[in-house]
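Spelled out from the first residue to the last, the chains are:
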Amino acid sequence: MAVAVGRLLGSAFLICFLTGLYSHFLQDPLPWMHFPTSPSNLYQLSQGIHITAGIACFPLLLGKLYVIYPELFSYPPIKNFAGFLGRASIALFVSSSIVQIVTGLFDTFQWYPFPFNFRQVHFALSFVIIGSLAIHIAVKLPLISRYWTRKKSYDAAGNLVLDEEDLAPTKETVAANLATASQPTGPLARRADGITGRVMDWIDTAPPRGDPAVSRRGFIATLSVATAAVVALTAGQSFRFLDGLNVFGPRKNGTGPSGLPINRTAKDAKVTDADTGSDWQLTVARGSSVKTYSRADLLAMKQYEVQLPIACVEGWSQLATWKGVRLRDLMESVGAHPDEDLRLTSLEKSGGYRVTEMGNEFVQNDLTLVALELNGQKLAMDHGYPARMIAPSRPGVLQTKWLSKLEVI
Ligand SMILES: Nc1nc2c(c(=O)[nH]1)N[C@H]1C(S)=C(S)[C@@H](COP(=O)(O)O)O[C@H]1N2
Ligand SMILES: [Mo]
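Report on the accompanying structure.

Reading guide: rules and limits
- Residues numbered from 1 in each chain as written.
- Chains lettered and ligands numbered in written order.
- Predicted model: local features only at pLDDT ≥ 70, side-chain atom pairs only at ≥ 80, totals over all residues.
- Heavy atoms only, no water.
- Helix = DSSP H or I, 4+ residues; strand = E, 2+ residues; numbered from the N terminus.
- Buried < 20%, exposed > 50% of the residue type's maximum accessible area, 1.4 Å probe, protein only.
- Contact = heavy atoms within 4.5 Å.
- Areas by Shrake-Rupley, 256 points an atom, 1.4 Å probe, with all protein chains shown as cover.
- Salt bridge = Lys/Arg side-chain N within 4 Å of Asp/Glu carboxyl O.
- Near = heavy atom within 4 Å.
- Polar contact = N/O pair within 3.5 Å; in protein donor to acceptor, adjacent residues only side chain to side chain.
- Nonpolar A, V, L, I, M, F, W, Y, C, P; charged D, E, K, R; others polar.
- Phe/Tyr/Trp six-rings, centres within 6.5 Å; stacked < 30°, edge-to-face > 60°.
- Lys NZ or Arg CZ within 6 Å of the ring centre and 35° of its normal.
- Expected span 1.5 Å × (residues − 1).
- Pairing = 2+ DSSP bridges.
- Axes fitted to C-alpha atoms, helices over the stretch in contact; angles between N-to-C directions.

Some remarks on the overall build of the protein
Reasoning step 1: Helix and strand content of the protein: ten helices and twelve strands.
Reasoning step 2: Per-residue burial for the protein yields a buried fraction of 40% across its 409 residues.
Reasoning step 3: Taking contacts inside the protein between residues at least 6 apart in sequence as the whole, the part at least 24 apart equals 67%.
Reasoning step 4: Carbon together with sulfur atoms contributes 62% to the accessible area of the protein, which is approximately 21,700 Å² in total.

A short note on the pattern of salt bridges
Reasoning step 1: Summed over the entire model, instances satisfying the criterion amount to eight salt bridges.
Reasoning step 2: With its nearest N and O atoms 3.1 Å apart, the salt bridge here joins K349 to D275. Here D275 lies in the loop between α7 (216-232) and β3 (282-286) and K349 lies in the loop between β7 (342-346) and β8 (355-358), a separation of 74 residues in the sequence.
Reasoning step 3: By relative accessible area, D275 is classed as partly exposed at 25%.
Reasoning step 4: For the salt bridge of R286 with E340, the shortest nitrogen-to-oxygen distance reads 2.7 Å. Taken as a pair, R286 in strand β3 and E340 in the loop between α9 (327-332) and β7 lie far apart in primary sequence, 54 residues in all.

Regarding the site of ligand 1
Reasoning step 1: Taken together, the neighbourhood of ligand 1 is formed by 19 residues, with P261, E348, H383, R388 and K401 sitting nearest.
Reasoning step 2: Take P261: an N or O atom from its main chain is 2.5 Å from an oxygen atom of ligand 1.
Reasoning step 3: Interatomic distance of 2.6 Å between a side-chain N/O atom of K401 and an oxygen atom of ligand 1.
Reasoning step 4: Tallied by class, the residues present in the shell around ligand 1 amount to eight nonpolar, six polar and five charged.

Overview of the packing of aromatic side chains
Reasoning step 1: Under the defined criterion, the tally for this structure stands at 13 aromatic pairs.
Reasoning step 2: Ring centres 4.6 Å apart and planes at 50° place the aromatic pair F106 and W111 in the tilted group.
Reasoning step 3: Residue classification places W111 among the partly exposed residues on the basis of a relative accessible area of 49%.
Reasoning step 4: By way of ring pairs, the aromatic residues F106, W111, Y112, F114, F116 and F118 are connected into one cluster.
Reasoning step 5: The aromatic ring of Y304 is capped on one face by R326, whose charged end is 3.8 Å from the ring centroid.
Reasoning step 6: Here the basic side chain of R394 rests over the ring of F362, its NZ or CZ set 4.5 Å away from the ring centre.

Some details on the side chain of S89
Reasoning step 1: Inspection of the secondary structure puts S89 in helix α3 (residues 81-108).
Reasoning step 2: Setting aside residues no more than four positions away along its own chain, S89 makes contact with S132, I135 and H136.

Brief notes about unusual backbone geometry
Reasoning step 1: The omega torsion across S38 and P39 is 0°, close enough to zero to call that bond cis.
Reasoning step 2: Relative to the helices and strands, P39 is located in the loop between α1 (2-27) and α2 (42-68).
Reasoning step 3: Along the chain, Y385 connects to P386 via a cis peptide bond; the corresponding omega equals 10°.
Reasoning step 4: The residue P386 is located in the loop between β10 (377-378) and β11 (388-390) in this model.
Reasoning step 5: Even without a glycine there, the phi angle at S258 is positive, about 55°.

Re α2
Reasoning step 1: For α2, spanning 27 residues, the distance from its first C-alpha to its last is 37 Å, which sits close to the expected 39 Å at 1.5 Å a residue.
Reasoning step 2: For α2, a buried count of 19 out of 27 residues is recorded, marking the element as mostly surrounded by other parts of the structure.

Some details on the sheet that holds β8
Reasoning step 1: The strand order across the open sheet formed by five strands is β4-β3-β12-β7-β8, and the pairing between neighbours is mixed. Of all the strands in the sheet, just β4 (289-293) and β8 have a single pairing partner and so form its edges. Averaged over all pairs of adjacent strands, the angle between strand axes in this sheet comes to 15°, irrespective of strand direction.
Reasoning step 2: The pairing of β3 with strand β12 (residues 403-408) spans three bridges and is classified as parallel. Bridge assignment links A285 to a residue of β12, and that residue is E407.

The following block contains the structure:
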């Protein structure tokens, strides 16, 4: 059972690690990095999987801890160096996993009651988790390889016959061990007794005897229902077909101005009506070649309509229809080259994403717009009026609202 739950948990962590790295490097790319721009919902899919798999880790981690719980108190606590490594890696893995999934869940609610930077710690802990998981697996490797290379034989009726080397104890070996073992006393002994009883029950095909805390079947059912429930009741924030079931996900589809949720309002970003009034201009620059555009100038240019999602790093996402000017057309107006990257500046006075950069693969994409309209309506103030960026397969945080300047780097 520990192995079965461990495989699920390990897969979920690996999925979270890979999708997390993708999200991290989209926001903080290394100089040589280029990213796919299609399918245009690639980031939405990847981040939806990241959050959903992360949420599934809650019941899986608790289930795994429940199964191996007596092992944590085995005596003596440390037998040898491998045992020490094994236990230390588990301690690190369990504690960092709990911090990781709890802070991750808080982040989806934009709640930061802890005294550290969420993104940095979430990123750093992911390496601690994957590293300690690798040590854990390395320590267990002899056992794992013995399992996969065990000899299998079948009797005439086709039943699996366990040979002596097999890892699964037979009823007789368990009974023999019990008979020769010195009997511990106290509460731990009762606990150990219960475990032995359960092992015997599993070997037996008969229904559980005695009073095990939970039957094997009951445990599997509880864990499956719990995992399916937390996934189904939150995944609607990332996957439209589950929207009706979205009870716990913090953002609901179709809410907010023009039917799209808002993550950070103009008020939060301290963008005022004065900033976005008729004086507003979008500055487009490449070195000394500079042009400015009023909203009327932008509306007078060729308009394009695209369907692109806002896919927030916090897990919610929603598809919308955007209309505006192609970014490439604007950049060509100041003589930008196709291989040049871009720096975007927002009107907002502060915030980690006031100034961001965009690789040329996104700048050149047909779908990348400086959007002026959303879902058939003039862009609402909270959606980035007078103009915002919308590009395919980018995290929401990089879909800059209240644009003021675009410059070739
Ligand atoms: N200038 C600026 N743009 C921004 C943000 C911001 O804080 N400042 N928030 C981003 C985030 S986190 C998301 S998810 C999207 C949300 O877009 P929406 O509010 O139009 O749905 O806008 C992005 N654009
Ligand atoms: Mo976001």
